[in-house]
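Reading the structure
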Number of protein chains: 2
Amino acid sequence: MLNIKDIAKLAGVSPATVSRVINNSANVNEEKRQRVLEVLEQTGYKPNSLARGLLYNKTFTLGVVVPDISNINFSEFVKGIEIEARQNNYNIILMTSGNEPEREVECFEILKEKRVDGIIFAGTILTDRHKLHIDNSTIPFVVFGQDFEYKSLISINIDNIKASYDAVKYLYSKGIKKIAMITGPLWDKAAGYDRYTGFLKASIENGINQRDLIYKEGDFTISSGYEAMKKILKEERVEAVFAANDFMALGAIKYLLDNDVKVPQDIKVVGFDDNPIAKIYTPSLSTVKIDFYRAGVLSVNAIISCINGIEVENKMLLEYEIIERQSSI
Amino acid sequence: MLNIKDIAKLAGVSPATVSRVINNSANVNEEKRQRVLEVLEQTGYKPNSLARGLLYNKTFTLGVVVPDISNINFSEFVKGIEIEARQNNYNIILMTSGNEPEREVECFEILKEKRVDGIIFAGTILTDRHKLHIDNSTIPFVVFGQDFEYKSLISINIDNIKASYDAVKYLYSKGIKKIAMITGPLWDKAAGYDRYTGFLKASIENGINQRDLIYKEGDFTISSGYEAMKKILKEERVEAVFAANDFMALGAIKYLLDNDVKVPQDIKVVGFDDNPIAKIYTPSLSTVKIDFYRAGVLSVNAIISCINGIEVENKMLLEYEIIERQSSI
DNA sequence: TTAAAATATGAAAAGCTTTTCAAGGAGAGT
DNA sequence: ACTCTCCTTGAAAAGCTTTTCATATTTTAA
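Computed from a prediction, not measured in an experiment: that's the story for all the values here. (Residues numbered from 1 in each chain as written. Chains lettered and ligands numbered in written order. Predicted model: local features only at pLDDT ≥ 70, side-chain atom pairs only at ≥ 80, totals over all residues. Heavy atoms only, no water.)

**Observations concerning the overall build of chain A**
Selection rule: For the purposes of this entry, the term helix denotes a DSSP run of H or I that reaches at least four residues, the term strand denotes a run of E that reaches at least two, and both are numbered from the N terminus. As a reference, a globule follows 2.2 Å times the number of residues to the power 0.38, and the radius of gyration itself is taken over C-alpha atoms. When accessible area is computed with a 1.4 Å probe and restricted to protein chains, residues below 20% of their type maximum are described as buried, those above 50% as exposed, and intermediate ones as partly exposed. Note on contacts: a residue pair qualifies if any of its non-hydrogen atoms lie within 4.5 Å across the two residues. For every accessible area listed, the method is Shrake-Rupley and the probe measures 1.4 Å; residues are considered covered only by the protein chains on display. Lys and Arg are tallied as positive, Asp and Glu as negative. Neither His nor the chain termini are counted. Each charge is placed at NZ for Lys, CZ for Arg, CG for Asp and CD for Glu.
Tallying secondary structure elements over chain A gives 13 helices and 12 strands in all. Taken over the C-alpha trace, chain A has a radius of gyration of 26 Å; the compact-globule value for 329 residues is 20 Å, which it surpasses by more than 25%. For chain A, the C-alpha atoms occupy an extent of roughly 85 × 40 × 30 Å along the three principal directions. For chain A, the proportion of its 329 residues judged to be buried stands at 54%. The long-range share in chain A, meaning contacts at least 24 apart out of those at least 6 apart in sequence, stands at 69%. Surface summary for chain A: the accessible area is close to 14,800 Å², and the carbon and sulfur share equals 49%. In chain A, 40 side chains carry a positive charge and 44 a negative one; their mean positions are 3 Å apart.

This is the structure we're talking about:
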């Protein structure tokens, strides 16, 4: 591949002059300028960004670490990141961690070696090794998705408690008295415990005794939603079900339909996430929509500000929206 | 950020020695080795990959250009790429093109500047500008998804004609006589025209006169499937419908159910893609499954071979699988 | 004990771009 | 005609790592 010296030779000027033409950084005799431009055009020369990066100590590259890119939430997130990054002249190195802390830390190490200008990290927990890395690192970090209340780390989060609270309140506002919840695993702080907490809060506010709360724990899969719904119906007569994600909500609906319970006439169902399936399913599923694309855009803006030394809020909450569809009308 | 000179100073040795310790490239006095290792540990030093890349003219980075990462097919594809690449010590720079040729070419330019070792490209058409780029480029290219019969370009493809042919044959094998197709836009060679061609071939083979073929053109959306189904039923009495993708198939099913036509008892439906929704929908949808994850893995293997100067087949076809579910039993 | 071989180590160059600094040339003003 | 300015231009250094080459030291063999 050609370098700037080759171009200089072909155009009969010095490398410095070629550089000046490429970067429009100083006056160059018009005739020479044309000669250089012509050579550039003919050869398709592109300056070596490694050399540039070495010089400026800057790569215009962001590292992005997500658990699983094939999860629609994260692919929306990454889409937002990529598009916003590009708009700001940055590229992204994408890495997946499979939610394994070991691999996450490994990603950080590789990204450090690649000298990325910043890292956007969607993870689950912050182990000591994570913290060690973040502390020792001069690379700006933005953490998404779990409330990492660690030092002044920039984090962008979903207010799971409030979103869940609002979803349940929405059901109560329809005059419903008895609502059950299908939760995620409660050890999962964000999507598990926090969403349960919102349900708890809204229920108590509507005069339910904490001991009378009706809920079953699932694991975010369709089949666990199906099973949970079965258990709930065996024990109680409820008018609505709120599930901690859409898959479990769909499982619940499936069980209800299989057993000739009408949705929404007999029992209303609300999910969480606004998975694309929610809109398509029959009946279409009411849900809480989180805008992951926007989360990506915000992450990029935050990290670029940070890179440029501009102060940013270090705790941001994402908006959400309760979407009413057939399953709860 | 520290550099190798700093480490050398801290350990009281020369940069060369530090380099030898890091790369295990030559014998180093054990005592000094330990001193260096200790400093490396304490400082968390990572060598600057830009400098290395500059020296070796190699970045261990692959460029990946896809139309839209939030499309499940492409996110599976990218997942396969990322995981396989990492296993081979490569990272990926992900770029999205929105299927715009202009932006695709722009991606190539940026990736060239970043000196990626290879580019994996999922696109639609190969314009002259694309070709110019590929011709002038010394960077290995792997093209996925459309049959780019261009020179010795490495391409990985779906055999749309044969997959579609097999799907229709499968329906005929159930003793069905009258099958309609909902095609994609026919100007779209791969997912549009080729899938139609397979349908045509299988139909003729089963004694249908080409003039009697029943098909309507959709645009891959649910609603277009719904409308196409409406038109088909108005004109003909069919026993089965084959759609060029799952969304249109689901639209068709929706129309049928809305009009009290039972699926699969009255009309069987088969889609294409194995979108996650296909499995979940009621009735679950029979479809043609393409393994995009595997396509990603194959792409990486091909490009790494190419980078290392190993000969590879330059035309590969992906396997597919007809998945039978409730909608066609 | 001495020559030869093996081992260990640092200096320096290469890889590519940008920017600073110095110098050369041209034009303007006196 | 001479000096001062402004405009152009090229040489060189910096940024960081690896590897080669040469040197210094130690070990082995005779």
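Resuming the write-up.
**With respect to the protein's contact with DNA strand C**
Put simply, the rule reads: We call a residue near a given molecule or strand whenever any one of its heavy atoms falls within 4 Å of it. Within 3.5 Å is the distance limit for a polar contact, defined as a pair of N or O atoms, with the added protein rule that one can donate a hydrogen and the other accept it, and that residues adjacent in sequence qualify only through two side-chain atoms. Under the scheme applied, nonpolar residues are Ala, Val, Leu, Ile, Met, Phe, Trp, Tyr, Cys and Pro; charged residues are Asp, Glu, Lys and Arg; polar residues are all the others, including Gly.
Neighbouring DNA strand C are 25 residues; A:I4, A:Y45, A:R52, A:Y56 and B:N27 lie closest to it. Among the atoms of DNA strand C lying within 4 Å of the protein, the sugar-phosphate backbone contributes 73%. Within the side chain of A:N23, an N or O atom sits 3.2 Å from a phosphate oxygen of DNA strand C. The contact in question runs from a phosphate oxygen of DNA strand C to an N or O atom on the side chain of B:T17, over 2.7 Å. Taken together, the elements giving at least two residues each to the surface near DNA strand C come down to α2 (15-23) and α4 (49-56) of chain A together with α2 (15-23) and α4 (49-56) of chain B. Looking at the surface near DNA strand C residue by residue, the class counts come to 13 nonpolar, 8 polar and 4 charged.

**Comments concerning the sheet that holds strand β4 (residues 141-144) of chain B**
Just so we agree on the cut-off: Two strands qualify as a pair provided that DSSP identifies no fewer than 2 bridges between them. With axes taken as lines fitted to C-alpha atoms, and helix axes fitted only over the stretch in contact, angles between N-to-C directions fall between 0 and 180 degrees.
One open sheet holds the 12 strands; their spatial order is β11(A)-β5(A)-β4(A)-β3(A)-β1(A)-β2(A)-β2(B)-β1(B)-β3(B)-β4(B)-β5(B)-β11(B), and the pairing between them is mixed. The open sheet has two free edges, formed respectively by β11 (315-318) of chain A together with β11 (315-318) of chain B, since each of these has just one partner strand. Adjacent strand axes in the sheet meet at a mean angle of 20° when their direction is disregarded. In this sheet, strand β2 (residues 91-96) of chain B lies alongside strand β2 (residues 91-96) of chain A in antiparallel orientation, the contact comprising 3 bridges. The residue bridging A:L94 from the neighbouring strand is B:I92, located in β2(B). Running over the sheet, helix α6 (residues 101-113) of chain B touches β2 of chain A together with β1 (61-66), β2, β3 (118-122) and β4 of chain B and is turned about 150° from β2(B).

**Quick notes on the protein's contact with DNA strand D**
Neighbouring DNA strand D are 25 residues; A:N27, B:I4, B:Y45, B:R52 and B:Y56 lie closest to it. Each atom of DNA strand D within 4 Å of the protein belongs either to a base or to sugar and phosphate, the latter forming 73%. A:K32 is positioned such that a nitrogen or oxygen atom in its side chain is 3.1 Å from a phosphate oxygen of DNA strand D. B:S19 is positioned with one of its side-chain polar atoms (N or O) 3.0 Å from a phosphate oxygen of DNA strand D. If you list the elements that add at least two residues to the surface near DNA strand D, you get α2 and α4 of chain A together with α2 and α4 of chain B.

**A short note on the pattern of salt bridges**
For clarity, the threshold we go by: One speaks of a salt bridge when a side-chain nitrogen belonging to Lys or Arg is within 4 Å of a carboxyl oxygen belonging to Asp or Glu.
Enumeration according to the criterion identifies 34 salt bridges over all chains in this entry. Between A:R129 and A:E102 there is a salt bridge, with its nearest N and O atoms 3.0 Å apart. Linking A:R129 in helix α7 (residues 128-136) with A:E102 in helix α6 (residues 101-113), this pair joins segments that are 27 residues apart in sequence. The partner of A:E113 in a salt bridge is B:R52, with the nearest N and O atoms 3.6 Å apart. Linking A:E113 in helix α6 with B:R52 in helix α4, this pair reaches from one chain into another. One salt-bridge network, in which partners are shared between bridges, spans A:E82, A:R86 and B:E106.

**As for helix α13 (residues 292-307) of chain A**
Residue and element names in this part refer to chain A. Worth spelling out the cut-off: Helix span, expected: 1.5 Å multiplied by one less than the number of residues in the helix.
Between its first and last C-alpha atoms α13 spans 22 Å; for 16 residues at 1.5 Å apiece the expected length is 22 Å, and the two agree. Along α13, the residues that are buried comprise F292, A295, G296, V297, L298, S299, V300, A302, I303, I304 and S305. For α13, the side-chain oxygen to backbone nitrogen distance between the N-cap and Y293 is 3.3 Å, and the N-cap itself is D291. G309 sits one or two residues past α13 and shows a positive phi near 75°.

**Some details on the environment of B:V168**
Residues and elements named next belong to chain B. Positionally, V168 belongs in helix α8 (residues 160-172). Each C-alpha atom, one on V168 and one on K201, is 9.2 Å from the other, the two residues being 33 residues apart in sequence. Ignoring anything within four residues of it in the chain, the contact list for V168 reads I179, F199, A202 and F242.

**Let's talk about the domain arrangement of chain A**
Keep this limit in mind: Each domain span listed reflects an automatic or database assignment of domains.
What the domain assignment lists for chain A is domain 1 (4-56), domain 2 (61-158 + 292-319) and domain 3 (160-289). A C-alpha centroid distance of 63 Å is found between domain 1 of chain A and domain 3 of chain A.

**Some details on the sheet that holds strand β8 (residues 240-243) of chain A**
Residues and elements named next belong to chain A. The strand order β7-β6-β8-β9 describes an open sheet built from 4 strands, whose pairing is parallel. Each end of this open sheet is capped by a strand with a single partner; those strands are β7 (214-217) and β9 (268-270). Within the sheet, the average angular offset between the axes of one strand and its neighbour, ignoring direction, is 15°. By the bridge criterion, 4 bridges tie strand β6 (residues 179-183) to β7 in an arrangement that is parallel. Residue pairing in the sheet places M181 in a bridge with Y215 of β7. Helix-sheet contacts for helix α10 (residues 222-235) involve β6, β7 and β8, and the interaxial angle to β6 is about 150°. Packing of helix α11 (residues 246-258) onto the sheet brings it into contact with β6, β8 and β9, and relative to β9 it is tilted by some 160°.

**Observations concerning the interface of chain B and chain A**
Quick reminder of the rule: The term buried area means the drop in 1.4 Å probe accessible area that two parts suffer when joined, counted for both and summed.
Listed per partner, the contact involves 51 residues of chain B and 51 residues of chain A. Interface area for chain B against chain A, summed over the two sides, is near 4,800 Å², with a carbon-plus-sulfur share of 56%. Taken together, the links from chain B to chain A amount to 6 salt bridges. Of the charged contacts, one joins B:R86 and A:E106 as a salt bridge, the two residues approaching to 3.5 Å between their closest N and O atoms. The interface formed by chain B and chain A holds 28 residue pairs in polar contact (both at pLDDT 80 or more) in total. Mapped by element, the contributors of at least two residues to the side of chain B that touches chain A are α4, α5 (72-87), β2, α6, α11 (246-258) and α12 (276-280) of chain B. The greatest single-element share of the side of chain B that touches chain A, amounting to 8 residues, is contributed by α5(B). Of the residues assigned to the side of chain B that touches chain A, the class counts are 24 nonpolar, 12 polar and 15 charged.

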